[in-house]
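# Summary of structural features
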Amino acid sequence: MLQGFKEFIMRGNVLDLAVAVVIGAAFSGVIQGLVNGFIMPLVGWLVGAPNFSGIAFSIPNWRGSSTEFPIGVFIQSLIMFVLIAAAIYFFVMLPINKLKSLRKSSEEVVEEAAAEEVVLLTEIRDLLRVQSGAQSPSQPN
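The rules behind each value
- Residues numbered from 1 in each chain as written.
- Predicted model: local features only at pLDDT ≥ 70, side-chain atom pairs only at ≥ 80, totals over all residues.
- Heavy atoms only, no water.
- Pairing = 2+ DSSP bridges.
- Helix = DSSP H or I, 4+ residues; strand = E, 2+ residues; numbered from the N terminus.
- Phe/Tyr/Trp six-rings, centres within 6.5 Å; stacked < 30°, edge-to-face > 60°.
- Buried < 20%, exposed > 50% of the residue type's maximum accessible area, 1.4 Å probe, protein only.
- Core = buried A, V, L, I, M, F, W, Y, C linked by side-chain atoms within 4.5 Å.
- Contact = heavy atoms within 4.5 Å.
- Patch = residues over 30% accessible without salt bridge, like charges linked within 9 Å, V, L, I, M, F, W, Y side chains within 5 Å.
- Areas by Shrake-Rupley, 256 points an atom, 1.4 Å probe, with all protein chains shown as cover.
- Salt bridge = Lys/Arg side-chain N within 4 Å of Asp/Glu carboxyl O.
- Lys, Arg positive; Asp, Glu negative; His and termini not counted.
- Charge placed at Lys NZ, Arg CZ, Asp CG, Glu CD.

This brings us to the pairing of strand E1 (residues 57–60). Two elements, E1 and strand E2 (residues 66–69), share 4 bridges in a ladder whose sense is antiparallel. Its bridge partner lying in E2, Ile59 is registered against Thr67. Linking two consecutive strands that pair antiparallel, namely E1 and E2, is a turn of 5 residues; a positive phi of about 95° is found at Gly64 within it.

This is the structure:
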């Protein structure tokens, strides 16, 4: 029983998941720092410091009091989500995709050159076969 647990823990996908969680937590701190240290001050500079946490509405209930729904907290969280997603896209994904496309294009050039060489060598081989088959053994090369 202990051996099975050890095999389960030492599987690659469990270890990969553990590493991904740790890296994700560290990366989350980096993104939060970017949003709080750069993007939010930039938004505050452009449009002022928006605070939606005061937005709420109330609905009266059957006991004579009312229940308050602070939807501003949700709006504030939604705006933070959009800003964090934008930060991840523009500062992480866009540069990585650009680097991948540059690397891919250089690999394609090498592959195209190799493919052209293969076509050329195939044509040479076919021509040599035709020449050797067309000539009779009595004819000189």
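Turning to the packing of aromatic side chains, a few remarks are in order. As enumerated under the stated definition, the model contains 3 aromatic pairs in all. Arranged with centres 6.2 Å apart and planes meeting at 85°, the rings of Phe38 and Phe91 form a pair that is edge-to-face. One end of the pair, Phe38, is in helix H2 (residues 12–47); the other, Phe91, is in helix H3 (residues 71–134), with 53 residues separating them in the sequence. Given a relative accessible area of 43%, Phe38 falls into the partly exposed group. You can call Phe91 partly exposed: its relative accessible area is 44%. Summarising the aromatic geometry, the rings of Tyr89 and Phe90 are spaced 5.0 Å apart at their centres and angled 80° between planes, so their arrangement reads as edge-to-face.

For the rest of this paragraph, the subject is the nonpolar core. One broad trend across soluble globular proteins is that nonpolar side chains are buried collectively. Counting 8 residues, the largest nonpolar core consists of Ile31, Val35, Ile39, Met80, Leu83, Ile84, Ala87 and Val92. When residues in this core are grouped by element, the largest group, 5 residues, is from H3. Ignoring any residue separated from it by four or fewer positions in sequence, one finds Ala87 in contact with Leu34, Val35, Ile39 and Val92.

A grouping of Glu111, Glu112, Glu116 and Glu117 is seen on the molecular surface, where their side chains present a negatively charged patch. Looking at where Glu116 falls in the secondary structure, it is placed in helix H3.

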